[in-house]
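Single-letter residue listing:
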Amino acid sequence: MKITQIGELVSDLHNETDEKRLIERIFSPVLEKDEGGFWRKIYTYGETKFVFRGREELPTFDSYKDGEKMLGSTPIHINEDEYGSYLEQSKNNSHPFVITTMDIQGVIEIADNLGVKQMNQPLRDIKVGGYTQEITDLIDKIIACRIKINKEGSDGEAIVLASMLGDDEAMQFVQLAMKEMEDSDKVILQEKRDSLREQWEYQKRFEKADVKDLIVVHATRYLPQYSKEIHGFEVLPTGESTSWKYLRNTVHTTLNHKVKGHYGGHWDNTPHVIISPFTEVRDANGNPFGLDMLDTWWVLGPGERLKFPKAKLVTPGDVLDGELIEFGEDNTYFKSKDYTIRDVFRIDSGHPILWKHMRGVLNEHLSKLTNTYKVDQFWEEIKTKYFPDMPDMSTDYLKENSGIDPESIQKRFIHGDINESLNKRIGQILMELGLNSFDIELEQIANEISIDIEKRLFGELNEMAVNQTIQKMKFPLRNDLVGSTAPLGEELDSYITPTSHNYSIYNFLEHGHAHDVQSAVDESSGKFIWTKYSSEQNMLRAKGLDPKTRRVLYVSGMFNSRFER
């Protein structure tokens, strides 16, 4: 797959506008080395001198200590006390030296400071995460100029500021840069489609699933925000919800089933699950970038939420006594605590979950003891008493091959009130088995076994509630779905493999940024050292970026304003 670098697509058209001459004419820049040892450009407009800093940078200058004014967004990774000390240097006077962040908030604030009119409303919008079309256009202009200039530093921002101040030559430069970026985007999009066409054509030989049968399932650890407007829910990507501490602007879902635990995370016990028809999600958000039963995902821009219209929410809640699941108008509630022995077998369908988990947790403690004979003897006794001749296999296997009825397993294990709490019954079992002879705390062991089992019961009951909700919404479960999603690739203009995100630029950006941040952390103190922080990947020249992700990278404020002289 060939992906063209954005900068490679800049037109060879002769450009009569010399950006260096333009900037020198308007801002008379001078080079200054900050106290961290990095070169930066100091711009002058009227009586104001200003310089850009990366969001995570704290530059100071020997020449400008009597009147610094700080503008723009606050850092994420720098210690609050350290940033507070840096702000104390700020002094407002009639001829300030302004230090502003090289992100959209910083650009808007310095524009306002320099006298650009009607900046108050965009500034209010940006501070509450509202990205109007005006702000989005401004971000695109800055990005286009940075790509066109294709150099480190902040001249792209300076040219956009000049255009905002009304300079005709700067406005022409911005217009040309925008045209070149738009042309390059068309080529990049076509190259993406060309690279996927062979896969799309191959999949057309298989039966195609009906999009009307697809339902989107999103598991989350956080209670999602309900929207009356769409009669559903809205979800922020991780990056947006953490003020771009993490550079992730994708939201992931499964189709017609709940996600299982995998190397990307443990999702079995995620309490909240949003379920929404695929056609509704597509109409509200556009086509997904990746389409697969295991991972269907969308890319979001600054301030955007993924919308789940006409959705149901599966969530922990109070249910009627004796019930496990309760269906409300908008929510499905499931029992999430205080499980009884009866609940165990209702959820687990007779599979010997108690035996498995008791053995796992007890082994952890018993293995620390030296008397291996007693340990072996203990397991012989528990198996003889509760699970005679029972192999460690599934209920179906037991029914078909061993002749052991799951009902008999329950009878052998349960010798009392089946509505008794799980924790209490396990404690009784341990006493019956004489485990106190091992000189360990039975109550502690019983609690650990109960917690371990309840975690699995929670996950299994959550999945049961999801499946039943999908069916109540009149959609097939994954195993009952007719046809495959892969033949829909061309129709939905999407990647069609379950690992499409793993090997995409989005995953590369997220992990690359995390690496850059970690590289700037001092190993001994754990302190973030801003002079060590540098984005090794110049993100605005990264390959194959879509417009939304470009805007996210700029809004995140992850760039440095320093450059090599």
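Here is what the cut-offs are and how they apply
- Residues numbered from 1 in each chain as written.
- Predicted model: local features only at pLDDT ≥ 70, side-chain atom pairs only at ≥ 80, totals over all residues.
- Heavy atoms only, no water.
- Helix = DSSP H or I, 4+ residues; strand = E, 2+ residues; numbered from the N terminus.
- Buried < 20%, exposed > 50% of the residue type's maximum accessible area, 1.4 Å probe, protein only.
- Contact = heavy atoms within 4.5 Å.
- Areas by Shrake-Rupley, 256 points an atom, 1.4 Å probe, with all protein chains shown as cover.
- Core = buried A, V, L, I, M, F, W, Y, C linked by side-chain atoms within 4.5 Å.
- Polar contact = N/O pair within 3.5 Å; in protein donor to acceptor, adjacent residues only side chain to side chain.
- Pairing = 2+ DSSP bridges.
- Axes fitted to C-alpha atoms, helices over the stretch in contact; angles between N-to-C directions.
- Phe/Tyr/Trp six-rings, centres within 6.5 Å; stacked < 30°, edge-to-face > 60°.
- Lys NZ or Arg CZ within 6 Å of the ring centre and 35° of its normal.
- Salt bridge = Lys/Arg side-chain N within 4 Å of Asp/Glu carboxyl O.
- Expected span 1.5 Å × (residues − 1).

Caption draft 1: Structural detail: the overall build of the chain. The secondary structure content of the chain amounts to 19 helices and 15 strands. Split into buried and exposed, the 565 residues of the chain put 51% on the buried side. A sequence separation of at least 24 residues applies to 71% of the contacts in the chain between residues at least 6 apart. Summed over its atoms, the accessible surface of the chain is roughly 27,500 Å², and 46% of this surface lies on carbon and sulfur atoms.

Caption draft 2: Just the nonpolar core, in detail. Counting residues in hydrophobic clusters, the biggest one holds 71 residues, and the most contacted among them are Phe-27, Phe-50, Ile-104, Ile-159, Leu-161 and Tyr-554. Per-element accounting of this core gives the leading share, nine residues, to helix H5 (residues 133-149). In this structure Tyr-554 touches Met-102, Asp-103, Ile-104, Val-107, Ile-139, Ile-142, Ile-143, Arg-146, Glu-157 and Phe-559, once residues within four positions along its chain are discounted.

Caption draft 3: The arrangement of the side chain of His-257 in detail. Take His-257: it is sitting in the loop between strand S9 (250-255) and strand S10 (272-277). A distance of 2.8 Å separates a polar atom in the side chain of His-257 from the backbone oxygen of Leu-255.

Caption draft 4: Highlighting the sheet that holds strand S4 (residues 68-71). A sheet is described by the order of its strands in space; here five strands give the open sequence S1-S2-S3-S5-S4, paired in mixed fashion. The two strands at the open ends of the sheet, each matched to only one other strand, are strand S1 (30-33) and S4. For this sheet, the mean inter-axis angle between neighbouring strands, taken without regard to orientation, is 30°. One ladder, built from three bridges, connects strand S2 (residues 39-45) with strand S3 (residues 48-53); its direction is antiparallel. Counterpart to Tyr-45 in the pairing with S3 is Thr-48. Sheet strands in contact with helix H1 (residues 19-27) are S2 and S3, and its direction is about 55° off that of S2.

Caption draft 5: Local environment of the packing of aromatic side chains. The final tally for this structure, using the stated rule, is 18 aromatic pairs. For the ring pair Tyr-43 and Phe-52, a centre distance of 6.4 Å and an interplane angle of 75° mean the geometry is edge-to-face. As far as burial versus exposure is concerned, Tyr-43 and Phe-52 are alike and both buried. Judged by centre distance (5.3 Å) and plane angle (75°), the ring pair of Tyr-226 and Phe-233 falls under edge-to-face. Within the aromatic cluster, the residues linked to one another by ring pairs are Phe-27, Tyr-43, Tyr-45, Phe-50 and Phe-52. Cation over ring: Arg-146 sits above Phe-559, and NZ or CZ is 5.3 Å from the ring centre. In this structure, Lys-148 is placed above the aromatic ring of Phe-173, and the distance from its NZ or CZ to the ring centre is 5.7 Å.

Caption draft 6: Local environment of the pattern of salt bridges. Per the stated rule, a full pass over the model turns up 24 salt bridges. With a closest N to O distance of 3.0 Å, Lys-204 and Glu-201 form a salt bridge. The class of Glu-201 is partly exposed, set by a relative accessible area of 40%. The structure contains a network of salt bridges with shared partners spanning Arg-21, Arg-25, Asp-167 and Glu-169.

Caption draft 7: View of the sheet that holds strand S12 (residues 306-308). Overall, antiparallel pairing links the three strands, which are arranged S7-S8-S12 in an open sheet. Strands with a single pairing partner mark the edges of an open sheet, and in this sheet they are strand S7 (225-227) and S12. Strand-to-strand twist of the sheet, defined as the mean angle between neighbouring strand axes without regard to direction, takes the value 30°. Here S7 runs beside strand S8 (residues 232-235); their pairing, made up of three bridges, is antiparallel. Residue pairing for S8: Tyr-226 is matched across the bridge by Phe-233.

Caption draft 8: Molecular detail of helix H16 (residues 442-472). Its 31 residues place the ends of H16 44 Å apart at the C-alpha level, agreeing with the 45 Å of an ideal helix rising 1.5 Å per residue. At the C-terminal side of H16, Lys-474 shows a positive phi close to 65°.

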